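Per-entry structural report
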Amino acid sequence: MSLKKAYEQYFKMGTSVSRYDMKSDKAMEELVKHYSSMTAENDMKPMFMLDKETTLSDPEKYNLQPAMNYDTARKYLEFARDNGIALRGHTLGWHNQTPIWFFKEGFQDNFEAPWASRETMLARLEWYIKNVLSFVQTEYPGVIYAWDVVNEAIEERNEEGWRKRSPWYQTLGEDFVINAFRFARKYAAPGVKLFYNDYNTFDPFKRETIMNFIVKPLMEEKLIDGIGMQTHLTMEHVEKAMDEYEKTLRFFGATGLEIHVTELDVHNADPSEAGMLKLAEAYKTLFTLYVNAKKEGAANLTSVTFWGMKDDVSWLTGFRKERSYPLLFGDNWEEKDAYHAVVKVPEELA
Ligand code: GLA
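**Some remarks on the overall build of the protein chain**
Within the protein chain, the secondary structure is distributed over 16 helices and 9 strands. Each of the three principal axes of the protein chain carries a C-alpha extent, and together these read 60 × 45 × 40 Å. The buried share of the protein chain, taken over its 350 residues, is 59%. Expressed as a percentage of contacts within the protein chain between residues at least 6 apart in sequence, the contacts between residues at least 24 apart total 74%. Side-chain charges of the protein chain comprise 43 positive and 55 negative groups, with the mean position of each set lying 3 Å from the other.

Now the structure itself:
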């Protein structure tokens, strides 16, 4: 039984895909077998879509319309199109993995340089969104079904809510978000869904702040179609925060917007049998609450994406500075207990 088949009646099953996966026949075979949605792990982020060399070669000419380069993105778009896999566009407006020169006067590649003016940044933001959406919609129509228009604009540890150190906040302030969504709505093809995406949304302050600062104002202008819950978790979160996590899913779900789980993984550093059984339990808990929320009509969950297919390619080993075993497949593609637990949830709840 494949993952996508097991969850067919509930939501799309997705995974992030890296440029290394793209070069592996085995990874592509598993991608086609198990998943109905894919997200480029990095290659469709601004740092890979902006053409630095060309833009910086003539800052005056490119000032309001930076040069673009879609070579890396094309591979994902082509694969998705040719294999009938829906692609999540990730991500347009983010403080991270967007080069600093993009935000600077005269495209100076230097953190100390002055920020570009508000007017310039609004023009660059509109240009970027317009150019990316037009490119994918013209050359690969229908392939991208949803975009993370803005990623991580809220900080849970900052009492004022906004991520103030973000270059987007520095240059445009609070209305960066609404402007990004206005541009996205203006240029998105009908049916392409616009998402706000963030991590640790189980944090009560963050959940409320996302709702009040982002979701409500966007809903008033009908600019948002969905909320992305990244869902990078640890075993500790699974032990302590699942009630809050479910609360968030239902709280966001009550807006009637679509919900996507966009970047699911559970950091686990214990590869013993007991450790892997615990991980399987964690995933069982998560998928049980997903299916229940969907069945009850409490959240219109339409897509669940894992952040990686197999343990040895997970970003978590680098990020947590210890070897992580967080996913459904082992280093040699063996189906872990977690895989079997996830596949079984729908029949257990039937
Ligand atoms: C965030 C981003 C992802 C990815 C992860 C870490 O969640 O949205 O694109 O970079 O961090 O891998």
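**Here we look at the site of the ligand**
The environment of the ligand is formed by Lys45, His90, Trp94, Gln97, Asn151, Glu152, Gln230, His232, Glu263, Trp307 and Trp315. A distance of 2.7 Å separates an oxygen atom of the ligand from a polar atom in the side chain of glutamine 230. In isolation the ligand exposes 300 Å². Once the protein is present, 88% of that is buried. Here the shell around the ligand is built from residues that sort into 3 nonpolar, 5 polar and 3 charged.

**Structural notes on the pairing of strand β4 (residues 144-151)**
The element β4 is extensively covered by neighbouring structure, given that 8 of its 8 residues are classed as buried. Pairing of strand β3 (residues 86-93) with β4, which is carried by 5 bridges, proceeds in the parallel orientation. Note that in β4 the partner of glycine 93 across the bridge is valine 150. What joins β3 to β4 is helix α8 (residues 118-139), and the crossover it makes is right-handed. Judged from the 5 bridges that link them, β4 and strand β5 (residues 193-198) form a sheet pairing that is parallel. Within β5, the position partnered with valine 150 by the bridge is tyrosine 196.

**Description of the pattern of salt bridges**
Tallying each qualifying case throughout the model produces 26 salt bridges. The partner of glutamate 160 in a salt bridge is lysine 164, with the nearest N and O atoms 2.7 Å apart. Members of the salt-bridge network, linked through shared partners, are Glu155, Arg163 and Arg165.

**What to know about the packing of aromatic side chains**
According to the stated counting rule, one finds 24 aromatic pairs in the structure shown. Aromatic side chains phenylalanine 103 and tryptophan 168 sit 4.8 Å apart centroid to centroid with 80 degrees between the ring planes, which places their arrangement in the edge-to-face category. Of this pair, phenylalanine 103 sits in the loop between β3 and α8 while tryptophan 168 sits in helix α9 (residues 167-172), and the two are 65 residues apart along the sequence. Relative to phenylalanine 176, the ring of tryptophan 168 lies with its centre 4.8 Å away and its plane at 5 degrees, an arrangement referred to as stacked.

**Some remarks on the environment of asparagine 300**
By the element assignment, asparagine 300 lies in strand β9 (residues 300-306). Residues asparagine 300 and leucine 249 lie 51 residues apart in sequence; the distance between their C-alpha atoms is 9.5 Å. With sequence-adjacent residues up to four places away left out, asparagine 300 is seen in contact with Leu257, Glu258, Ile259 and Lys294.

**Notes on the environment of proline 59**
Position of proline 59 among the secondary structure elements: in helix α6 (residues 59-62). A relative accessible area of 27% means that proline 59 is categorised as partly exposed. When the C-alpha positions of proline 59 and glycine 106 are compared, they lie 5.5 Å apart, and in sequence the two are 47 residues distant. The residues touching proline 59, leaving out its near neighbours within four places in the chain, are Gly106 and Phe107.

**Section: helix α7 (residues 71-83)**
For an α-helix, 3.6 residues make a turn, and residues three or four places apart therefore share a direction. Between its terminal C-alpha atoms α7 stretches 19 Å, which fits the 18 Å expected from 13 residues at 1.5 Å a residue. Where α7 is concerned, the buried positions are Ala73, Tyr76, Leu77, Phe79 and Ala80. Looking straight down α7, one finds that the buried residues subtend no more than 165 degrees of arc, so they occupy a single side. Facing away from the buried side of α7 by over 90 degrees, the exposed positions are Lys75 and Asp82. Remark: glycine 84 follows α7 within two positions and exhibits a positive phi of approximately 65 degrees.

**Comments concerning the environment of aspartate 82**
Looking at where aspartate 82 falls in the secondary structure, it is placed in helix α7. Taking C-alpha positions, aspartate 82 is 15 Å from tyrosine 145, a pair spaced 63 residues apart along the chain.

**Observations concerning the domain arrangement of the protein chain**
Parsing the protein chain into structural domains produces domain 1 (1-35 + 231-350) and domain 2 (39-77 + 87-227). Here the C-alpha centre of domain 2 lies 26 Å away from the C-alpha centre of domain 1. At the junction of the two partners, domain 1 supplies 28 residues and domain 2 supplies 29 residues. With both sides pooled, the region where domain 1 packs onto domain 2 buries about 2600 Å², and carbon together with sulfur makes up 59% of that total.

What counts and how
- Residues numbered from 1 in each chain as written.
- Predicted model: local features only at pLDDT ≥ 70, side-chain atom pairs only at ≥ 80, totals over all residues.
- Heavy atoms only, no water.
- Helix = DSSP H or I, 4+ residues; strand = E, 2+ residues; numbered from the N terminus.
- Buried < 20%, exposed > 50% of the residue type's maximum accessible area, 1.4 Å probe, protein only.
- Contact = heavy atoms within 4.5 Å.
- Lys, Arg positive; Asp, Glu negative; His and termini not counted.
- Charge placed at Lys NZ, Arg CZ, Asp CG, Glu CD.
- Near = heavy atom within 4 Å.
- Polar contact = N/O pair within 3.5 Å; in protein donor to acceptor, adjacent residues only side chain to side chain.
- Areas by Shrake-Rupley, 256 points an atom, 1.4 Å probe, with all protein chains shown as cover.
- Nonpolar A, V, L, I, M, F, W, Y, C, P; charged D, E, K, R; others polar.
- Pairing = 2+ DSSP bridges.
- Right-handed = clockwise from strand over helix to strand, strands pointing away.
- Salt bridge = Lys/Arg side-chain N within 4 Å of Asp/Glu carboxyl O.
- Phe/Tyr/Trp six-rings, centres within 6.5 Å; stacked < 30°, edge-to-face > 60°.
- Expected span 1.5 Å × (residues − 1).
- Arc of directions from axis to C-beta.
- Domains from an automatic or database assignment.
- Buried area = accessible area lost by both parts, 1.4 Å probe.

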